[in-house]
Amino acid sequence: MVLTGIATVLVVAGGTAFAEIVSSQPSLTPSFNGPVHAVAYAGDTVYIGGDFTSASAGGTAQPRARLAAFDARTGVLRDWTPSADATVRSLAIADGVVYVAGDFGTVNGQARDAVAGVSADDGTVTPLSHTVAGQPNAVAAGHGRLYLGGRITAVDGQPRANLAAFSTGSGALDGWAPTTDDTVHALAVTADRVYLGGGFHKANDVRSAVRLAAVDPATGALDETFLPKPVSQVFALAAHADGVYAALGGQGGRAVSYDRAGETRWTRVFDGDAQAVALLDDTVYVGGHFDKACVTGNNGARGSCTDGAVARGKLAAVDREGNLLEWAPQANGVAGTRQLAASPRLGSISAVGDFTVVGGMSRKRYVEFTGVAPVTESADAAGHVAAYNFDTTIADGTFDDGSGHGHLLRTVTRNGGVPRMVPNGNGQALAFPATCAGDECPRLILRTGDTGDLNPQDRPIRYGASVLLAPEEAGRGENILQKGYSKGGGQYKLQVDGLSGKPSCGMSDKTGASVYVARSRTSVADGEWHSLECRRTGPTLAVLVDDRLESVVAVPAALSVESHEPFTVGGKGVGRDNDQFHGTLDDVWIQIG
């Protein structure tokens, strides 16, 4: 299971909506012989809890009693073998401890009633031990506490109304004790709130706190500035700085975005319960036992979509504006997806539940999604429609096209900008003007005429350059190469974004409706030479740095670039905001078909 990157979509029509999406193709991962209820990441390790007795990786089954761990990158099972005697329903990880909650009475043969702490390193149990009257459904860690939610009436004989907390330092029962009048299914902790989700109609005896509420993480006092109105019970929560995402059940399911006041930003409707939700970058992933996503917010009897639907078997993705994304891995099963977890560090999403097939592949009760490499094509020089190594220069400042297609690059300057040739290997490279601010800064680009055969239309295209950029040469946005504009025929471009010096590849359709951008996570502003490549193959656009895939974006298969604008290198023009490149370039090339 190799991490290969993630994908970025930037939609600008009708308002900006930025979303990072993982591949819909499952990674190679372990499988489990019984239901999986809980999943959590810690570094490069995935921890799993449920009602299984064995895990299989690489074709070999190994005993695992309702708890397991494996390498998130390779899928190899860790030698981590704690055992619980009944179902594990929830996990939380803090300070090297995996906290577990569920139906068990013992862990590692030691009495641990419904809640326990297990070393993330060797699987030994911690001293945390309590008697819980009821069934825990959720745990979450933060503020030096382990928060517990479920259908609970007492802990160690002390009354609790579905909520409790323990010190993560001493393990002692904490005084934090907000109340609800019915089951709590989900918890999410932020810097100033603990969000509660469930089937309750009151929290702390306040009737306006229905199914979703926020309480103080230290005192448990109800935050009455948060007043959401979910239409049905809440099964899962994912918090963020500006609010919370909720997965709802009912007559059909819903994924809902709430702001910090509880106002609804958007709602996505499904034909079955939404039971899981996770946030990775700016994409909201939703899981449940739905089979379809409704195209409008309307549904009817038994949750059926009344105005049309699209297939989304147990898994779906939504951008931050509430737009349903095309990500559709398609999982099977009745209960479907029970929980999701995200790893920003790995750019990964994990799903667990009762499914056995995902994307047409056998994935028993656990699946992970990372990136996907585009189809590899031959990069022979014969396929180039333009190539510039800057070793052959005509006296008037024109650079030859080494592909043989005659697309000469001509120098265009303003304010004293001049091409400066510097040695590189056995040849030479082209240095552009240094960073500068103001109207009188030197500007330099290279430009061809209007060349129709540099328009890929909807065919595959690859293009790239070798780049040398020092940290002080990085700017707001620097164009390496560009053909066309985002409107009026479409475009393709390669640029370096911002002071961070991270390259990106962009394409837009001839209709000008959307811009799609694949962004690298690796900076090239380090004073070293780097090979950059953009690659569009059918429905994907990828950015590669030094032949290493950085990210992939899904693009419409019919996306077509048919621009009458010239091809430029080093900037889009010589005006004040020309996105001037300030580093050094060599080996600029384009291959179409």
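Being a predicted model, the structure only gives us computed values, none of them experimental. (Residues numbered from 1 in each chain as written. Predicted model: local features only at pLDDT ≥ 70, side-chain atom pairs only at ≥ 80, totals over all residues. Heavy atoms only, no water.)

What follows is about the overall build of the chain. A count of helical and extended segments in the chain gives 0 helices and 51 strands. Relative to a compact globule of 593 residues, whose C-alpha radius of gyration would be 25 Å, the chain shows 27 Å and is just as compact. By principal-axis analysis of the C-alpha atoms, the chain measures approximately 90 × 45 × 45 Å. Here the chain, with 593 residues, has 56% of them falling under the buried criterion. Here the analysis covers contacts within the chain between residues at least 6 apart in sequence; of these, 52% occur between residues at least 24 apart. (Helix = DSSP H or I, 4+ residues; strand = E, 2+ residues; numbered from the N terminus. Rg over C-alpha atoms; globule rule 2.2 N^0.38 Å. Buried < 20%, exposed > 50% of the residue type's maximum accessible area, 1.4 Å probe, protein only. Contact = heavy atoms within 4.5 Å.)

It is worth spelling out the sheet that holds strand β6 (residues 54–57) at this point. Spatially, β3-β6-β7 is the arrangement adopted by the 3 strands of the open sheet, whose pairing is antiparallel. Where the open sheet ends on each side, the last strands, each with one partner, are β3 (31–32) and β7 (60–63). Here β3 pairs with β6 via 2 bridges, running antiparallel. Residue Ser31 lies in a different strand from β6, and its bridge partner there is Ser56. (Pairing = 2+ DSSP bridges.)

On to the pairing of strand β19 (residues 194–198), then. β19 sits mainly inside the fold: 5 of its 5 residues count as buried. The alternating pattern of β19 places Val194, Leu196 and Gly198 on one face and Tyr195 and Gly197 on the opposite face, and all of these are buried. Note: strand β18 (residues 184–189) against β19, 5 bridges, orientation antiparallel. What sits directly across from Val189, in β19, is Val194. Counting the residues in the hairpin turn of β18 and β19 gives 4 residues. Pairing between β19 and strand β20 (residues 212–215): 4 bridges, direction antiparallel. Bridge pairing links Val194 to Val215 in β20.

Read across the open sheet, the 3 strands follow the order β9-β10-β13; overall the sheet is antiparallel. One side of each edge strand has no neighbouring strand; the edge strands of this open sheet are β9 (88–94) and β13 (115–119). The sheet shows a mean angle of 25 degrees between the axes of neighbouring strands, taken without regard to direction. As judged from the 5 bridges shared by strand β10 (residues 97–102) and β13, these two strands associate in the antiparallel manner. Looking at the pairing, Val97 lines up with Ser119 of β13. (Axes fitted to C-alpha atoms, helices over the stretch in contact; angles between N-to-C directions.)

This next bit is on empty space enclosed by the protein. Going through the model one piece at a time under the given rule, you end up with 1 cavity of 30 Å³ or more. Put simply, the largest cavity is a space of about 60 Å³. For the largest cavity, the full set of lining residues is Val206, Ser208, Ala209, Leu212, Ala213, Leu222, Asp223, Glu224, Phe226, Leu227 and Pro228. Of the residues belonging to the lining of the largest cavity, the class tally is 8 nonpolar, 1 polar and 2 charged. (1 Å grid on protein atoms, 1.4 Å probe; cavity = no way out; pocket = protein on both sides within 12 Å on 5 of 7 lines; lining within 4 Å. Points joined across faces, edges and corners; volume = space filled by probe spheres on them. Nonpolar A, V, L, I, M, F, W, Y, C, P; charged D, E, K, R; others polar.)

Looking now at unusual backbone geometry. For Arg211, which is not glycine, the phi torsion reads 70 degrees and is therefore positive. Locating Arg211 in the fold gives a position in the loop between β19 and β20. In this structure, Gln330 takes a positive phi of about 65 degrees despite not being glycine.

A few words on the nonpolar core. Membership of the largest hydrophobic core comes to 44 residues, with the highest contact counts inside it found for Phe390, Tyr463, Ile480, Tyr492, Phe567, Val569 and Ile590. Excluding residues that lie within four positions of it along the chain, Phe390 makes contacts with Phe399, Leu409, Met421, Gln428, Leu430, Leu446, Leu585, Asp586, Asp587 and Val588. Counting 18 residues, the second-largest nonpolar core is a separate cluster that includes Ala276, Tyr285, Ile349 and Phe355. (Core = buried A, V, L, I, M, F, W, Y, C linked by side-chain atoms within 4.5 Å.)

Enumeration according to the criterion identifies 18 salt bridges in this entry. When the shortest N-O distance is used, the salt bridge between Asp223 and Arg193 registers 2.9 Å. Pair noted here: Asp223 is in the loop between β20 and β21 (234–240) and Arg193 is in the loop between β18 and β19, with a separation of 30 residues, a long-range link. In this structure Asp223 comes out as partly exposed when scored by relative accessible area, which is 21%. Residue classification places Arg193 among the buried residues on the basis of a relative accessible area of 2%. Residue Arg548 pairs with Glu550 through a salt bridge whose shortest N-O separation is 2.8 Å. (Salt bridge = Lys/Arg side-chain N within 4 Å of Asp/Glu carboxyl O.)

Next up on the list: the state of the cysteines. Inspection of the entire model under this criterion finds 3 disulfides. Shown here is the disulfide that connects Cys294 with Cys305, its sulfur atoms set 2.0 Å apart. Disulfide Cys294 to Cys305: torsion about the S-S bond roughly -75 degrees, handedness left-handed. Within this pair, whereas Cys294 is found in strand β27 (residues 292–294), its partner Cys305 is found in the loop between β27 and β28 (309–311), the two being separated by 11 residues in sequence. On the basis of relative accessible area, Cys294 is assigned to the buried category, the value being 1%. For the chain, the disulfide bridges join cysteines in the arrangement 1-2, 3-4, 5-6, where the cysteines are counted in sequence order. (Disulfide = S-S within 2.5 Å.)

Before going further, it helps to spend a moment on the side chain of Ser343. Looking at the element boundaries, Ser343 is found in strand β30 (residues 337–343). Taking relative accessible area as the criterion, Ser343 reaches 4% and is therefore assigned buried. With residues near it in sequence (within four places) discarded, Ser343 still touches Tyr41, Leu280 and Ser348.

As a further point, take the layout of surface pockets. In this structure, the largest pocket occupies an estimated 1,300 Å³ of space. Contributing to the lining of the largest pocket are 41 residues, with Leu91, Leu187, Leu237, Gln339 and Leu340 lying nearest its centre. Mapped by element, the contributors of at least two residues to the lining of the largest pocket are β4 (36–42), β9, β14 (132–142), β18, β21, β25 (274–280) and β30. A breakdown of the residues in the lining of the largest pocket according to their chemical character gives 29 nonpolar, 9 polar and 3 charged.

Moving on: the packing of aromatic side chains. Counted by the stated rule, this structure contains 12 aromatic pairs. A ring pair is formed by Tyr47 and Trp80, whose centres lie 4.9 Å apart and whose planes are at 80 degrees; its orientation type is edge-to-face. Of the two residues, Tyr47 sits in strand β5 (residues 45–50) while Trp80 sits in the loop between β8 (67–71) and β9, which places them 33 residues apart along the sequence. A residue is classified by how much of its surface remains accessible, and Tyr47, at 5% relative accessible area, is buried. According to the relative accessible area criterion, Trp80 is buried, its value standing at 2%. Where Phe270 meets Phe290, the ring centres are 4.3 Å apart and the plane angle is 25 degrees; that geometry is what we call stacked. Taken together, the positions of Phe270 in strand β24 (residues 264–270) and Phe290 in the loop between β26 (283–288) and β27 put the pair 20 residues apart, joining distant regions of the chain. Comparing Phe270 with Phe290, the two get one shared label, buried. Of the aromatic side chains, those joined through ring pairs into one cluster are Tyr285, Trp327 and Phe369. (Phe/Tyr/Trp six-rings, centres within 6.5 Å; stacked < 30°, edge-to-face > 60°.)

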